[in-house]
Amino acid sequence: MNVDKKLARRYDLIVWDWDGTIMDSTPTIVQCIQQACRDLGFKEPDDSLASSVIGLGIHDSLRRAVPWIEPAHFSKLTERFRYHYLAKDHELHLFKGVRDLLEKLRADGYLLGVATGKSRVGLDRSLQHHQLEHLFHETRTADESFSKPHPGMLLELSDALQVPMRRMLMIGDTTHDLDMAVNAGVDAVAVTYGAHPPDTLKESTSLAHVDDVPQLAQWLDTNLVI
Ligand SMILES: O=C(O)COP(=O)(O)O
């Protein structure tokens, strides 16, 4: 490898959000939240409210999506959500072009990580199903670490891979991802093809907003090096 090129890199570690950034899962998560409410006879959140909570981890997500129900009902609601999500999990697909992009970044020598609101079991199942495990150096899930927007997952990735915050880049589709990056002092790029509407993302701090995977690849190609 060309030493000059290595020295000119702006980032060493690229941390990815999972749902809505790598995995095209927003509509499914929204439907499962709504179906879980219907199962139990609760008023369901509309699409916008249900989408807004994606990424916060299952417990915080449901509490924010369905604030009108008694706390005692949340464990049952969580169980119904999991039931519906598990039935659909294997039908979900990656956003077109993401696999190639991850493979290229890995081949170019970047460290790759995941910071997700998913559970460890859910992330590992998805990594395995899509045969992506070999691409990521470290992953963090909200149930084993900290929920977004707490910076804990990024701090742990920094520690585990020995990469300072200023050498990390976060890629995510929600304000929760971008706020986590701000709280950790990490640069971020927003993708607008996931759970949160572009207008909401544009109010958050990030280096750029990209509308699809080819645009993301183009942005990375130009901006990963100085
Ligand atoms: O809340 C979820 O399950 C999705 O989590 P993520 O968007 O942080 O990957």
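For the structure itself, look to the data block above.
In this text the structure is predicted, and so the values were computed from the model without any measurement.

Caption draft 1: How the structure looks around the site of the ligand. Looking at the ligand, the residues that line it are Asp-17, Trp-18, Asp-19, Ile-54, Gly-55, Thr-116, Gly-117, Lys-118 and Lys-148. Residue Gly-117 places a main-chain N or O atom 2.7 Å away from an oxygen atom belonging to the ligand. When the ligand is considered free in solution it has 290 Å² of accessible area, and contact with the protein chains removes 91% of it. With respect to the pocket detection grid, the ligand is positioned in the largest pocket.

Caption draft 2: The packing of helix H2 (residues 26–40) against helix H5 (residues 74–89), seen in detail. Packing of H2 against H5 leaves a shortest axis separation of 8 Å and a crossing angle of 135°. Classified by the angle between their axes, H2 and H5 sit oblique to one another. Between H2 and H5 lies a crossing of right-handed hand. Each of Thr-28, Ile-29, Gln-31, Cys-32, Ile-33, Gln-35, Ala-36, Cys-37, Asp-39 and Leu-40 in H2 lies in contact with H5, whose residues at this interface are Lys-76, Leu-77, Arg-80, Phe-81, His-84, Tyr-85 and Lys-88. Among the residues forming the contact of H2 with H5, the class breakdown is nine nonpolar, four polar and four charged.

Caption draft 3: Inspection of the nonpolar core at higher detail. If you look at the biggest cluster of nonpolar residues, it comprises 53 residues, and the most contacted ones within it are Trp-16, Phe-136 and Leu-216. Summarising the domain contributions, this core has at least three residues from each of domain 1 (3–24 + 94–223) and domain 2 (26–89). Once residues lying within four places of it in the same chain are set aside, the contact partners of Phe-136 are Trp-16, Trp-18, Ile-22, Leu-102, Arg-106, Leu-112, Gly-113, Val-114 and Leu-127. Counting residues in each nonpolar core, the second largest holds 19 residues, with Leu-13, Met-153, Met-165 and Met-180 among its members.

Caption draft 4: Highlighting the pairing of strand E2 (residues 111–116). With five of six residues buried, E2 lies mostly within the body of the structure. Of the strand pairs in this sheet, strand E1 (residues 13–16) and E2 are connected by four bridges, and their pairing is parallel. The partner of Val-15 across the bridge, within E2, is Gly-113. The pairing of E2 with strand E3 (residues 138–141) spans four bridges and is parallel. Within E3, the residue paired with Ala-115 across the bridge is Arg-140. Taking the sense of rotation as the criterion, the β-α-β connection linking E2, helix H7 (residues 120–129) and E3 turns out right-handed.

Caption draft 5: Highlighting the layout of surface pockets. Put simply, the largest pocket is a space of about 570 Å³. Elements that contribute at least two residues to the lining of the largest pocket include exactly H2, helix H4 (58–65), H5 and H7. Looking at the lining of the largest pocket, the element that brings in the most residues is H4, giving five residues. Each residue belonging to the lining of the largest pocket can be placed in one class, and the counts come to twelve nonpolar, nine polar and eight charged. For the second largest pocket, the calculated volume is near 250 Å³. Taken together, twelve residues form the lining of the second largest pocket, with Lys-104, Asp-108, Leu-220, Asp-221 and Leu-224 sitting closest to its centre. Contributing elements (two or more residues each) for the lining of the second largest pocket: helix H6 (98–107) and helix H11 (213–223).

Each value, and the rule that gives it
- Here the residue index of a chain counts from 1 through its sequence in written order.
- Only residues with pLDDT of at least 70 are given local features in this predicted model, and only at 80 or more are side-chain atom pairs given and counted; all residues enter the totals for whole chains, interfaces and linings.
- With hydrogens and water excluded, all non-hydrogen atoms of the structure serve as input to the side-chain values.
- Definition of nearness: a residue and a molecule or strand are near each other if at least one heavy atom of the residue lies within 4 Å of the molecule or strand.
- Polar contacts, as used here, are pairs of N or O atoms within 3.5 Å; protein pairs need one atom able to donate a hydrogen and one able to accept it. Residues neighboring in sequence count only if both atoms are side-chain atoms.
- Only the protein chains shown count as cover for residues, and all accessible areas are computed by the Shrake-Rupley method using a 1.4 Å probe.
- A pocket, in this scheme, is an open set of points on a 1 Å grid over the protein atoms alone with protein on both sides within 12 Å along at least 5 of 7 lines, while a cavity is a set where a 1.4 Å probe fits but cannot get out; residues line either one if an atom lies within 4 Å of a point.
- Pocket occupancy is defined atom-wise: a molecule lies in a cavity or pocket when more than half of its atoms are within 2 Å of its grid points.
- To get an axis, a line is fitted to the C-alpha atoms, and for a helix only the part in contact is used. The angle between two axes follows their N-to-C directions and goes from 0 to 180 degrees.
- Counting from the N terminus, the helices are DSSP H or I runs at least four residues long and the strands are E runs at least two residues long.
- Each angle is binned into one of four classes, with values under 35 degrees roughly parallel, values over 145 roughly antiparallel, values of 65 to 115 roughly perpendicular, and all other values oblique.
- In this scheme, a crossing is called left-handed if the near helix is turned counterclockwise away from the far one by less than a right angle; it is called right-handed if the turn is clockwise.
- Any two residues whose heavy atoms approach within 4.5 Å at even a single point are treated as in contact.
- Under the scheme applied here, ten amino acids are nonpolar (Ala, Val, Leu, Ile, Met, Phe, Trp, Tyr, Cys and Pro), four are charged (Asp, Glu, Lys and Arg), and all others, including Gly, are polar.
- By nonpolar core is meant a set of buried Ala, Val, Leu, Ile, Met, Phe, Trp, Tyr and Cys residues that side-chain atoms within 4.5 Å join together.
- For each residue, the accessible area found with a 1.4 Å probe, counting protein chains only, is set against the maximum for its type, and the residue is called buried under 20%, exposed over 50%, and partly exposed in between.
- These domain boundaries are the output of an automatic or database domain assignment.
- The pairing criterion is simple: DSSP has to find at least two bridges between the two strands.
- Handedness of a crossover: with both strands directed away from the viewer, a clockwise path from the first strand across the helix to the second marks it as right-handed.
- Grid points are joined across faces, edges and corners, and a volume is the space filled by probe spheres set on the points.

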